[in-house]
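# Breakdown of the fold
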Amino acid sequence: MSRLKDEMVSYITKDEIAEMVAQLASEIEKDYAGQELVLIGVLKGSFLFISDLSRQISLPQQIDFVQMSSFSHESNEAAIKIVKDIGVSIGGKHVLIIEEIIDEGKTLNFLRNRLLASAPASLKIVTLLDKPARRVINIKPDYTGRTIEDRFVVGYGMDDGEIGRNYPDIYYLRH
Ligand code: IMP
Ligand code: MG
């Protein structure tokens, strides 16, 4: 934590995160009662969120991961690539994409279109945090833990130059 200490402002505590996760899990459990799910975590940022969320959803579920990369920050769709694809088949299944934060929405939109091509029975998006002010593509999550202002955040899976993913709380960076 030392490298970033002076720039980090406490934003969402681990207790608040736990409440958000519990709330999301209970909504999902209610909406999908009696059904089987496929949770797809978007690496790397969602690794803690999906591990906490999945353990609180008492429904049969498969878990898989995708990893995407974009070559530049002005990333158009052509620049987005799947680095690691899912291994489970999702045709006819109830699929939930698990994201820790939605920003511009480009990577998520690309992923959603890819997954829809496999004809899931349903496909919804779960995000812990949403930054709608930054959106450049019209994509809305179906389940949101909290809507936040346009701030760059680290912790609970989210990084700044690969630092900070392991922090139990979420901070924003004072730039
Ligand atoms: P976008 O929605 O295509 O712009 O990309 C969203 C991805 O960028 C998220 O899933 C995160 O991995 C990363 N990201 C967006 N905003 C932040 C942030 O504030 N902190 C850390 N990572 C972020
Ligand atoms: Mg992500």
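So, a few notes on the structure that sits alongside this text. (Residues numbered from 1 in each chain as written. Chains lettered and ligands numbered in written order. Predicted model: local features only at pLDDT ≥ 70, side-chain atom pairs only at ≥ 80, totals over all residues. Heavy atoms only, no water.)

### Considering the coordination of the magnesium ion (ligand 2)
Distances from the magnesium ion (ligand 2) to its protein donors, Glu 99 (OE) and Glu 100 (OE), fall at 2.5 to 2.6 Å. Across the pair, exposure class does not vary: Glu 99 and Glu 100 are buried alike. (Donors = N, O, S within 2.8 Å, 3.2 Å for Na, K, Ca; no water. Buried < 20%, exposed > 50% of the residue type's maximum accessible area, 1.4 Å probe, protein only.)

### Quick word on the packing of aromatic side chains
One pass over the full model with this rule turns up two aromatic pairs. Pairing Tyr 11 with Tyr 172 gives two aromatic rings, centres 5.3 Å apart and planes at 90°, and the pair type is edge-to-face. Of the two residues, Tyr 11 sits in strand E1 (residues 8-12) while Tyr 172 sits in strand E9 (residues 170-173), which places them 161 residues apart along the sequence. Under the relative-accessibility criterion, Tyr 172 is labelled buried at 18%. A cation over a ring is seen here: Arg 151 above Tyr 11, with NZ or CZ 5.8 Å from the ring centre. The lysine or arginine in question, Arg 151, covers the ring of Tyr 172, its NZ or CZ lying 3.8 Å from the ring centre. (Phe/Tyr/Trp six-rings, centres within 6.5 Å; stacked < 30°, edge-to-face > 60°. Helix = DSSP H or I, 4+ residues; strand = E, 2+ residues; numbered from the N terminus. Lys NZ or Arg CZ within 6 Å of the ring centre and 35° of its normal.)

### Digging into the side chain of Arg 135
Within the fold, Arg 135 resides in the loop between strand E6 (122-130) and strand E7 (143-147). A distance of 3.4 Å separates a polar atom in the side chain of Arg 135 from the backbone oxygen of Lys 131. Not counting the four nearest positions on each side in its chain, Arg 135 is found in contact with Ile 102, Asp 103, Glu 104, Gly 105, Asp 130 and Pro 141. (Polar contact = N/O pair within 3.5 Å; in protein donor to acceptor, adjacent residues only side chain to side chain. Contact = heavy atoms within 4.5 Å.)

### So, the site of ligand 1
Close contacts around ligand 1 come from 14 residues, with Glu 100, Glu 104, Gly 105, Thr 107 and Val 153 the closest. In this structure, an oxygen atom belonging to ligand 1 sits 3.2 Å away from a main-chain N or O atom of Ile 101. A distance of 2.8 Å separates an oxygen atom of ligand 1 from a polar backbone atom of Glu 104. Its free accessible area being 490 Å², ligand 1 has 82% of it covered by the protein chains. Mapped by element, the contributors of at least two residues to the shell around ligand 1 are strand E5 (94-102) and helix H3 (106-116). No other element matches the three residues that E5 contributes to the shell around ligand 1. Within the shell around ligand 1, the residues separate by chemical class into four nonpolar, two polar and eight charged. (Near = heavy atom within 4 Å. Areas by Shrake-Rupley, 256 points an atom, 1.4 Å probe, with all protein chains shown as cover. Nonpolar A, V, L, I, M, F, W, Y, C, P; charged D, E, K, R; others polar.)

### Structural notes on the pattern of salt bridges
If you walk through the whole model with that rule in mind, you get 13 salt bridges. Because the salt bridges share partners, they merge into one network encompassing Asp 103, Glu 104, Lys 106, Lys 131 and Arg 134. (Salt bridge = Lys/Arg side-chain N within 4 Å of Asp/Glu carboxyl O.)

### Describing the sheet that holds E1
Ordered by their spatial adjacency, three strands build an open sheet running E1-E9-E8, and the pairing between neighbours is antiparallel. Across the chains shown, the open sheet's two edge strands, defined by having one partner strand only, are E1 and strand E8 (153-154). Across four bridges, the pairing between E1 and E9 is antiparallel. Looking across to E9, one finds that Ser 10 is bridged to Tyr 171. (Pairing = 2+ DSSP bridges.)

### Considering unusual backbone geometry
In this model, Leu 43 is joined to Lys 44 through a cis peptide bond whose omega is -5°. The residue Lys 44 is located in the loop between strand E2 (37-43) and helix H2 (47-56) in this model. Phi is positive for Ala 119, which is not a glycine, with a value near 55°. When you line up the elements, Ala 119 lands in the loop between H3 and E6. Located in the positive-phi region is Glu 162, a residue other than glycine, with phi close to 70°. Considering the arrangement of structural elements, one finds Glu 162 in the loop between E8 and E9.

### Topic: the nonpolar core
Note on soluble globular proteins: their nonpolar side chains tend to be buried together. Judged by nonpolar contacts, the single largest core of 30 residues is most densely connected at Leu 53, Leu 129 and Ile 170. Those elements that provide at least two residues to this core are E1, helix H1 (14-31), E2, H2, E5, E6 and E9. Among the elements that make up this core, the one with the highest residue count is H1 (six residues). (Core = buried A, V, L, I, M, F, W, Y, C linked by side-chain atoms within 4.5 Å.)

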